[in-house]
Amino acid sequence: MEFYQKEITLPALSRGFHLITPQIVSQFPEIGRIQSGFIQVFIKHTSASLCINENADPTVRQDFESHFNKMVPENMSYYKHNYEGSDDMPAHIKAALLGCQLLIPLTAGRLSLGTWQGIYLCEHRDHGGPRRLVCTAFGSTG
Amino acid sequence: MEFYQKEITLPALSRGFHLITPQIVSQFPEIGRIQSGFIQVFIKHTSASLCINENADPTVRQDFESHFNKMVPENMSYYKHNYEGSDDMPAHIKAALLGCQLLIPLTAGRLSLGTWQGIYLCEHRDHGGPRRLVCTAFGSTG
Amino acid sequence: MEFYQKEITLPALSRGFHLITPQIVSQFPEIGRIQSGFIQVFIKHTSASLCINENADPTVRQDFESHFNKMVPENMSYYKHNYEGSDDMPAHIKAALLGCQLLIPLTAGRLSLGTWQGIYLCEHRDHGGPRRLVCTAFGSTG
């Protein structure tokens, strides 16, 4: 049973949904040592989020941005937390809907994702800045 | 500390929300060996999802389907990813909202769910086909 | 590798979003023994949920309640599960959207949360009563 934990920082990304599977895998070669286990990715922010979805067609990620903007609009009259910009409170709600954590099975040293699954960093602010992630891999090495 | 991992395939289910707790438990007798730990269920798809909710009244699962169809409608004018059918892009969004992974505590060899909690397979496509799940149980056996 | 599991009960909270990080940490001193690992918090209910979001400004939590009430309204004509009160079916849907489980990294005996992150208990019923949580901490102690 091994435990590997590290914090990584992703440079600022534009508002929207971004595929980050390669960045996670390349920064965490210890994954290769785990026969059966998990990697967790945890984002230490409340206005950006993580999810797993389609990894091939970029229009899927554009449609995510469009739909989340409709489902969680800016400038709703009932928002009280509005002094940090019109994108701020919707970003908190979007982040809660998608979540801040992913736990992905590892099998024979590789992420056990489906063919079409990729990891998204969902940036809900107009100018969110760099985002910090805690990555933890654990499992059996035998 | 033990780690058990296996992939199981569920036969095609109709569009909607389905209770699958019995299928998970019956296919994973190794759960019984774990004193304190977890089982993770991970679905390797981007247009079906997993969640935990009410396990008794089937109308709850019908209302889930009705509400998700309203919250994430088909044929929105802003969808660009629309060449795989009108159910495709909404399926991706619904899957991201509910998530692809459940981590359930195990206590004394059993799922530590509440009385009314059951595992749902949420099929968001009209014809999604069989769905593959990675199930991993781990924890202390002593 | 250590595993600590316990069930805790939170007293009844009013409908809305509540910060419960102090209650979790204070009831689980075993966290301090874990060098690198996780704590999972799992709620054994289907009409209350858990999420991680902004921990400083109480208006964020009020806006969450307002927005979830708009996104998942009561008394929709298509609800069939309506005999337990108008807040019942929306509570199930809200709970599924936010989820019943959080897995938080532990580093050097402490929750590895971002500066602005706190744990929310999201009570979606008008009179939900006490809520039971299973808390499990595990990881390396060396």
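See the structure above.
Residues numbered from 1 in each chain as written. Chains lettered and ligands numbered in written order. Predicted model: local features only at pLDDT ≥ 70, side-chain atom pairs only at ≥ 80, totals over all residues. Heavy atoms only, no water.

K.L.:
Looking at this structure, how should I read the side chain of A:Glu54?
P.N.:
Residues and elements named next belong to chain A. In this fold, Glu54 is placed in strand S4 (residues 48-54). It is Arg61 that comes nearest to the buried, bridge-free Glu54 among opposite-charge side chains, at 5.3 Å. For Glu54, the side chain forms a polar contact with the main-chain nitrogen of Ala56, separated by 3.0 Å. From its side chain, Glu54 meets the backbone nitrogen of Asp57 in a polar contact 2.9 Å long. (Helix = DSSP H or I, 4+ residues; strand = E, 2+ residues; numbered from the N terminus. Buried < 20%, exposed > 50% of the residue type's maximum accessible area, 1.4 Å probe, protein only. Lys, Arg positive; Asp, Glu negative; His and termini not counted. Salt bridge = Lys/Arg side-chain N within 4 Å of Asp/Glu carboxyl O. Polar contact = N/O pair within 3.5 Å; in protein donor to acceptor, adjacent residues only side chain to side chain.)

K.L.:
Looking at this structure, how should I read the side chain of B:Thr46?
P.N.:
Tracing the sequence through the fold places B:Thr46 in the loop between strand S3 (36-43) and strand S4 (48-54). Not counting the four nearest positions on each side in its chain, B:Thr46 is found in contact with A:Asn53, A:Glu54, A:Trp116, A:Gln117, B:Ala91, B:His92 and B:Ala95. (Contact = heavy atoms within 4.5 Å.)

K.L.:
Looking at this model, I keep getting lost on the interface of chain B and chain A. Mind explaining?
P.N.:
Listed per partner, the contact involves 30 residues of chain B and 36 residues of chain A. Carbon and sulfur atoms make up 63% of the area that chain B and chain A hide from each other, which totals about 2700 Å². The largest per-residue losses of area from chain B upon contact with chain A belong to B:Phe3, B:Gln5 and B:Tyr78, which jointly make up 21% of the total buried on that side. Counting across the chain B and chain A interface gives zero salt bridges. At the junction of chain B and chain A, the tally comes to 15 residue pairs in polar contact (both at pLDDT 80 or more). Among the secondary structure elements, those contributing two or more residues to the side of chain B that touches chain A are strand S1 (2-10), S3, helix H3 (88-98), strand S5 (101-107) and strand S8 (131-140) of chain B. In terms of residues, the side of chain B that touches chain A owes the most to one element, H3(B), which gives six residues. Among the residues forming the side of chain B that touches chain A, the class breakdown is 20 nonpolar, eight polar and two charged. (Buried area = accessible area lost by both parts, 1.4 Å probe. Nonpolar A, V, L, I, M, F, W, Y, C, P; charged D, E, K, R; others polar.)

K.L.:
I would appreciate a short explanation of the interface of chain C and chain A in the present structure.
P.N.:
One frequently used descriptor of interface size is the decrease in accessible area upon assembly of the parts. Taken together, the contact pairs 36 residues of chain C with 30 residues of chain A. At the boundary of chain C with chain A, total buried surface from both sides reaches about 2700 Å², with 63% on carbon and sulfur atoms. Among the residues chain C hides against chain A, the three largest losses belong to C:Asp63, C:His67 and C:Leu103. Together they make up 20% of the total. Inspection of the chain C/chain A interface yields zero salt bridges.

K.L.:
Looking at this model, I keep getting lost on empty space enclosed by the protein. Mind explaining?
P.N.:
Over the atoms a probe the size of a water molecule is rolled, and this reveals where empty space is left. One pass over the structure, following the stated rule, counts two cavities of 30 Å³ or more. What the largest cavity holds in volume is close to 530 Å³. Around the largest cavity sit 45 residues that line it, and A:Leu98, A:Gln101, B:Leu98, B:Gln101 and C:Gln101 are the ones nearest its centre. Its residues placed into classes, the lining of the largest cavity shows 30 nonpolar, 15 polar and no charged. (1 Å grid on protein atoms, 1.4 Å probe; cavity = no way out; pocket = protein on both sides within 12 Å on 5 of 7 lines; lining within 4 Å. Points joined across faces, edges and corners; volume = space filled by probe spheres on them.)

K.L.:
Would you mind showing me how to read the pairing of S8(B) here?
P.N.:
Looking along a regular strand, one sees side chains alternate from face to face of the sheet. All names here are of chain B. Of all 10 residues in S8, eight are buried; the element is thus mostly enclosed. Across nine bridges, the pairing between S1 and S8 is antiparallel. Considered in S8, the bridge of Thr9 is made with Arg132. Summarising the sheet, S3 and S8 pair through eight bridges and their orientation is antiparallel. The residue of S8 that forms the bridge with Gln40 is Thr136. (Pairing = 2+ DSSP bridges.)

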